[in-house]
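# Residue-level structural notes
One-letter residues, chain by chain:
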Amino acid sequence: MSFLRVVAAAMLGLGLSACGSADTATRNAPLDAPALRAAAVPLDVQEIRVTVPKSLKVSEANSYYPMGDIVWREDAPGDRHAQVKAIFETALARGIGEGVPGGIPVLLDVQVTRFHALSEKARYTIGGIHSIHFTATLRHPVTGAPYGPAKPIKASFKAYGGKAAIAAERQGITQKVRITDHLAKVIRTEL
């Protein structure tokens, strides 16, 4: 009789398993719909305005991590705010290139909020991060009205240190060269 009970239990189990849900083709489908992005609009950047507020504190301390908003050493001692502004103007002009004919005419308004390159002590020992932050606002070139809110942009990247920094300098790849190239790529991507 136990054989009949085993067969009956197996039949009951098979019968109940048929009531279970089967895997469907949607088992690997994402739960959320993909986010839609706005199409890129061609821009005709007619002017670039860079502001480096005098409220940004300059540090000339030769320490591993100088406390200041602006840390810059590769230019001769002088007005660090003006030197940072010149770097940004060169980089942004290179990154934007020629305007797009037929694109929306804009004025690019950039305000630097942090420009932290490496001090000599950090550059020739452990290296670090070029910590560069700014905001970008697209404005109507005639009225100056913004097309939207200011966009904060973090353009930080790894800096060379020690032997890598020395080798790069021998090839003419200074901090200024790397930062200018990097900022040009960042603005091209952002726009």
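Since this is a predicted model, take the numbers as computed values, not measurements. Counting of residues starts from 1 at the beginning of each chain's written sequence and follows it residue by residue. With the structure being a predicted model, the display of local features is reserved for residues of pLDDT at least 70 and the display and counting of side-chain atom pairs for 80 or more, all residues being used for whole-chain, interface and lining totals. Water and hydrogen atoms were dropped before computing side-chain values, which therefore reflect all heavy atoms in the structure.

## Some details on the pattern of salt bridges
Should a side-chain nitrogen of Lys or Arg be within 4 Å of a carboxyl oxygen of Asp or Glu, the pair is scored as a salt bridge. Scanning the entire structure with this criterion turns up 10 salt bridges. We note a salt bridge from Asp109 to Arg49, for which the minimum N-O separation is 3.4 Å. Remark: Arg49 occurs in strand β1 (residues 43–51) and Asp109 occurs in strand β3 (residues 104–116); sequence separation between them is 60 residues. Judged by relative accessible area, Asp109 falls into the buried class, the value being 16%. The shortest N-O distance in the salt bridge between Arg80 and Glu60 comes to 2.8 Å. Of this pair, Arg80 sits in helix α2 (residues 80–96) while Glu60 sits in the loop between β1 and β2 (70–71); the two residues are 20 residues apart in sequence, bridging distant segments of the chain. We count a stretch as a helix when DSSP gives it H or I for four or more residues in a row; a strand needs E for two or more, and each element gets its number in order from the N terminus. Throughout this description, buried means an accessible area under 20% of the type-specific maximum (1.4 Å probe, protein chains only), exposed means over 50%, and partly exposed covers the range between.

## A short note on the packing of aromatic side chains
The criterion for an aromatic pair is that two Phe, Tyr or Trp rings (for Trp, the six-membered ring) have centres within 6.5 Å, with stacked assigned to planes under 30 degrees apart, edge-to-face to planes over 60 apart and tilted to the rest. Per the counting criterion, the structure on display carries three aromatic pairs. Residues Trp72 and Phe115 carry aromatic rings whose centres are separated by 5.6 Å and whose planes lie at 70 degrees to one another, so their mutual orientation is edge-to-face. Of this pair, Trp72 sits in the loop between β2 and α2 while Phe115 sits in strand β3, and the two are 43 residues apart along the sequence. The two residues Trp72 and Phe115 agree in class, both being buried. Seen from their ring centres, Phe88 and Phe134 are 5.3 Å apart, and the 80 degrees between their planes marks the pair as edge-to-face. Residue Phe88 is found in helix α2, and its partner Phe134 is found in strand β4 (residues 128–139); the two are separated by 46 residues along the sequence. Phe134 shares its class with Phe88; the two are buried. Following the ring pairs from residue to residue traces out a cluster consisting of Trp72, Phe88, Phe115 and Phe134. Only lysine NZ and arginine CZ atoms are considered, and such an atom sits over a ring when it is within 6 Å of the ring centre and within 35 degrees of the ring normal. When the ring centre of Tyr160 is taken as origin, the NZ or CZ atom of Arg178, which lies over that ring, is 3.8 Å away.

## Quick look at helix α5 (residues 175–190)
To estimate the expected span of a helix, subtract one from its residue number and multiply by 1.5 Å. Across its 16 residues, α5 extends 22 Å between first and last C-alpha, which sits within 8% of the 22 Å expected from 1.5 Å per residue. All of the buried residues in α5 are Gln175, Arg178, Ile179, Thr180, Leu183, Ala184, Val186 and Ile187. For this analysis, residues touch if any pair of their heavy atoms sits within 4.5 Å. Contacts made by the buried residues of α5 are with α2, β3, α3 (120–123), β4, β5 (151–154) and β6 (157–159).

## Quick notes on the nonpolar core
Core analysis: the biggest nonpolar cluster contains 29 residues, and Phe88, Val112, Phe115, Ile132, Phe134, Ile179 and Leu183 have the highest contact counts within it. For this core, the elements supplying multiple residues, two or more each, are β1, α2, β3, β4 and α5. Ranked by residue count, the leading element in this core is α2, at six residues. Other than its neighbours up to four places away in sequence, Val112 contacts Val50, Thr51, Val52, Pro53, Leu56, Val84, Phe88, His133 and Phe134. By nonpolar core is meant a set of buried Ala, Val, Leu, Ile, Met, Phe, Trp, Tyr and Cys residues that side-chain atoms within 4.5 Å join together.

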